Amino acid sequence: MKFPHFPFIKKIQSFPHFHKLLFSSQPKWNSNQNPNLVITHPTLILIESCKSISQLKQIQAKMIHTGIISHIFPISRLISFCALDVNGDIHYANSLFSEINEPNVYIWNTMIRGYVKNQLFEKGFWVFRRMVRENVEMDKRSYVFVLKGCRVLEGVGGSVQCRIWKVGFLNDLIVRNGLIHFYGESGKVVDARKVFDESPVRDVVTWTSLIDGYVKRNMVDEALGLFELMCSNGVEFNDVTLITVFSACSLKGDLSLGKSIHELVEKRGVKCSLNLMNAVLDMYVKCGCLPMAKEIFDKMEIKDVFSWTSMIHGYAKNGEVDMAKKCFSDMSERNIVSWTAMIACYSQNNRPWEALELFHEMEKQGLVPIESTLVSVLSACAQSGSLDFARRIHDYYIKQKRVKYSVILANTLIDMYGKCGSMDVARELFHEMPERDLVSWNSVIVGCASHGLTEKALALFEQMKCTGFKPDSITFVGVLSACAHGGLVNQGWEYFRSMELNGLLAEVIHYACMVDLLSRSGHLKEAYNFIKQMPMEPDKAVWGALLNGCRMHGDVELAKVAAEKLIELDPQDSGIYVLLASLCANERKWADVRMVRTLMRAKGVKKSPGYSLIEVDGTFYEFVVADDSHPQSQAIYKMLDEIMLLSKLEEYGSDAEPADEFS
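How each quantity is defined
- Residues numbered from 1 in each chain as written.
- Predicted model: local features only at pLDDT ≥ 70, side-chain atom pairs only at ≥ 80, totals over all residues.
- Heavy atoms only, no water.
- Helix = DSSP H or I, 4+ residues; strand = E, 2+ residues; numbered from the N terminus.
- Buried < 20%, exposed > 50% of the residue type's maximum accessible area, 1.4 Å probe, protein only.
- Areas by Shrake-Rupley, 256 points an atom, 1.4 Å probe, with all protein chains shown as cover.
- Contact = heavy atoms within 4.5 Å.
- Arc of directions from axis to C-beta.
- Phe/Tyr/Trp six-rings, centres within 6.5 Å; stacked < 30°, edge-to-face > 60°.
- Lys NZ or Arg CZ within 6 Å of the ring centre and 35° of its normal.
- Core = buried A, V, L, I, M, F, W, Y, C linked by side-chain atoms within 4.5 Å.
- Axes fitted to C-alpha atoms, helices over the stretch in contact; angles between N-to-C directions.
- Parallel < 35°, antiparallel > 145°, perpendicular 65-115°, else oblique.
- Nonpolar A, V, L, I, M, F, W, Y, C, P; charged D, E, K, R; others polar.
- Disulfide = S-S within 2.5 Å.
- pLDDT = per-residue confidence, 0-100.
- UniProt positions renumbered as here; feature names shortened; annotations may be inferred.
- Expected span 1.5 Å × (residues − 1).
- Polar contact = N/O pair within 3.5 Å; in protein donor to acceptor, adjacent residues only side chain to side chain.
- Patch = residues over 30% accessible without salt bridge, like charges linked within 9 Å, V, L, I, M, F, W, Y side chains within 5 Å.
- Salt bridge = Lys/Arg side-chain N within 4 Å of Asp/Glu carboxyl O.

### Some remarks on the overall build of the chain
Of the regular secondary structure elements, the chain holds 36 helices and four strands. In the chain, which comprises 663 residues, the proportion classed as buried is 44%. On the chain, roughly 35,700 Å² of surface is accessible, and the fraction owed to carbon and sulfur atoms is 53%.

Structure below.
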């Protein structure tokens, strides 16, 4: 039945401005409607502005009462809303669909599109197979919609392509574009390029789909090269093309290229959508040009959650935590990504307690964390040693499968348990992993090394190489640290020299590990000579390792040299002075102790006071010596006095027991 014969729709032949006004506010589920059609029937107009399934059922009841439910077009509007609207219900759409004796191709396509939109890819493909079995005459959109769902289904994409070949749709531009997009999304960029090269006609979607495919595979140079070819061929790019290209610049970290493309956009007077402006903003943030990002952000008339979150990322990357916090506080709307960005900001800038407090606040708001949220929170737990907090996260979110357990999360857990002193749990998690990457091996090797489990760390290293993983610079940090804790000087030298054979250049951290190894083993002069021969300037870790070795072996004179270098690098670090003074005191060098204290006073350095932390109901409290700033400090000190008294009574009681026993 043809739509123009219905009394509730009519063609628009003129008044293009009226047509634009009419359809500009239509819901997204209605975006694919024929623009030459306007609905006039009052009941069907209600569907166009429907907000919920309950409203739709009331409209459906009225349609049954008036009899228009028996027509194809009205029932197609009901199905479209249920299948495609954010407030719809794909299962209810299916129940309506099953009542139609002869659905037209539009309705079949709507069901495929609805299932794909709702991530029910197998059911979408099942509808497509029914169309084939029942000899439904498909149109080009049938193939485009099913291809969007095939990317996550193993082996079905090829059968769809064969069908496209068989029925002669391969030469259709929209179908070819759908194939290129499908191959790009599936990671089959060679196949995507083949379809692209064989296309007799290409439009902006053809070029953009392949560029996007390259970007998704991190083939940035290929993506940017194709964009350059596109421009030289005179093809006009659109918003989507530019968003993809700026994403490529972000991945590459090429600020100059990103700037030149931004200048091209401004030169051509491209009207920038919010999504495009967000892409430009994101590019400047990820390329490390925060001033330009801030300038763009301030000029944006409309900002969304993505805009604000990008600036949080930018400030976090630049170490401007307070500015990031201000952005977060100024946001009118927040989602889980913005909460995660702020938590990550605290975690990455060594403010773990604030990260954990913010996470606790996020939980109270009823938000469910995503993988990256938990990665940042567990990292904060590792920094602060908050093992109980981390166990709760592990038990509640991961073990109870509220968040999907991934290799990334497993690696973070291994790292956290290792840093919090539970190396047995970390190793158990590692051995339970069905799939591991290089980070998994590095985490467990470094963890074992830091706990002095030298033999286990080195055995894991050999096992890793046998499984085909090639060690990287972090692997060798773990291996050299293991040798340092085990006093394996000769073996450490062998591993250090083998780095070059593995195609790696030793970095300052590896030199620090070797200095630590030599210093711990008492080879202080050799360690000092090794430092003098370094191809780069020694940093705090290098001199700190030597100073620690001098403390262990009582070499005051060499300790003075190391401390002098450390003070040059960081004159306000009180720990350097305290360590040197302690060493001098142990060796009864009282004149040197006075000299260190005088130097501290001259430079205005004060010893950082010791402090304690306690967690109560997800909130962390910090106390320093003689601290009375807490509003309940009197009650706290009273309780401490009672605990001290009880412990003394217990001590006296235990001392008295043997006497009573033998009396």
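What follows continues from the structure just given.
### Digging into the environment of Q161
By the secondary structure assignment, Q161 is in helix α9 (residues 156-167). When its relative accessible area of 17% is taken as the criterion, Q161 is described as buried. Note: C-alpha distance between Q161 and L147 (14 residues apart in sequence) is 8.8 Å. Discounting chain neighbours no more than four positions away, the residues touching Q161 are L179 and Y183.

### Observations concerning helix α23 (residues 387-399)
Among the residues of α23, those classed as buried are L387, F389, A390, I393, H394, Y397 and I398. The buried residues of α23 occupy an angular sector of 155 degrees when the element is viewed end-on, so they sit on one face. Exposed and facing more than 90 degrees away from the buried side of α23 are D388 and K399. Positioned one or two residues after α23, K401 has a phi angle of 60 degrees, which is positive.

### Considering the packing of aromatic side chains
On inspection of all chains with the given rule, the structure shows 21 aromatic pairs. Aromatic side chains F328 and W339 sit 5.1 Å apart centroid to centroid with 80 degrees between the ring planes, which places their arrangement in the edge-to-face category. Here F328, found in helix α19 (residues 321-330), pairs with W339, found in helix α20 (residues 336-348); they are eleven residues apart in sequence, far enough to count as distant. For F328, a relative accessible area of 2% translates into the label buried. Assessed through its relative accessible area of 3%, W339 is described here as buried. By the ring-pair criterion, three or more aromatic residues cluster together here, those being F359, F389, Y396 and Y397. For the cation-ring pair, R202 lies above F196, with the distance from its terminal atom to the ring centre recorded as 4.2 Å. Residue placement shows R402 over the ring face of Y396; its charged tip is 3.8 Å from the ring centre.

### A look at unusual backbone geometry
The backbone of N135 shows a phi angle near 55 degrees, a positive value even though the residue is not glycine. In this fold, N135 is placed in the loop between α7 (121-133) and α8 (140-150). Of the residues examined, N135 reaches a relative accessible area of 68% and is grouped as exposed.

### Description of the nonpolar core
The biggest cluster of nonpolar side chains holds 194 residues, and the ones touching the most others in it are M416 and L546. The leading source of residues in this core is helix α4 (residues 72-84), at nine residues. When neighbours within four sequence positions are excluded, L546 is seen to be in contact with V515, S519, L524, A527, Y528, I531, L558 and A562.

### Notes on the packing of helix α3 (residues 53-66) against α4
Packing of α3 against α4 leaves a shortest axis separation of 11 Å and a crossing angle of 170 degrees. Our classification of the angle between α3 and α4 gives roughly antiparallel. The residues of α4 that touch α3, namely those facing I53, L56, Q60 and M63, are P74, I75, L78, F81 and C82. Partitioned by chemical class, the residues of the contact of α3 with α4 number eight nonpolar, one polar and no charged.

### Some remarks on the state of the cysteines
Linking two cysteines covalently through their sulfur atoms gives a disulfide. Enumeration according to the criterion identifies zero disulfides in this entry. Here C82 is not disulfide-linked; the sulfur of C50 is the nearest cysteine sulfur, at 8.1 Å. C420 takes part in no disulfide bond, and the closest cysteine sulfur, belonging to C381, lies 6.8 Å away.

### Some remarks on the confidence of the model for the chain
Regions with low pLDDT carry predicted coordinates that are not meant to be interpreted in detail. Summarising the model, the chain shows a mean pLDDT of 86, and 88% of its residues fall at 70 or more. Across residues 1-27 the pLDDT falls below 50, and counting only partners more than four positions away or on other chains, this stretch makes 38 contacts in the model. Considering only residues more than four positions removed or in separate chains, one finds that residues 656-663, a stretch of pLDDT under 50, has zero contacts.

### Remarks on the UniProt feature "repeat: PPR" (unreviewed entry) in the chain
Cross-referencing UniProt, the feature "repeat: PPR" (unreviewed entry) maps to residues 104-138, 203-237, 304-334, 335-369, 406-436, 437-471 and 472-506 in the present numbering. The span residues 104-138 carries 74% helix and 0% strand; its end-to-end C-alpha distance comes to 9 Å. Taken end to end, residues 406-436 comprises 74% helix and 0% strand; its first and last C-alpha atoms sit 10 Å apart.

### Some remarks on helix α26 (residues 438-450)
The end-to-end C-alpha distance of α26, which contains 13 residues, comes to 18 Å, matching closely the 18 Å that a straight helix rising 1.5 Å per residue would cover. Those residues of α26 not exposed but buried are S440, W441, N442, S443, V444, I445, G447, C448 and A449. Of the surrounding secondary structure, the elements contacted by the buried residues of α26 are α24 (407-419), α25 (423-432), α27 (454-466) and α28 (473-486). For α26, the side-chain oxygen to backbone nitrogen distance between the N-cap and V439 is 3.2 Å, and the N-cap itself is D437.

### Side note on a nonpolar patch on the surface
A surface patch of nonpolar side chains, amounting to about 360 Å² of accessible area, comprises Y637, M639, L640 and I643. Among the secondary structure elements, Y637 is positioned in helix α36 (residues 633-662). For Y637, a relative accessible area of 34% translates into the label partly exposed.

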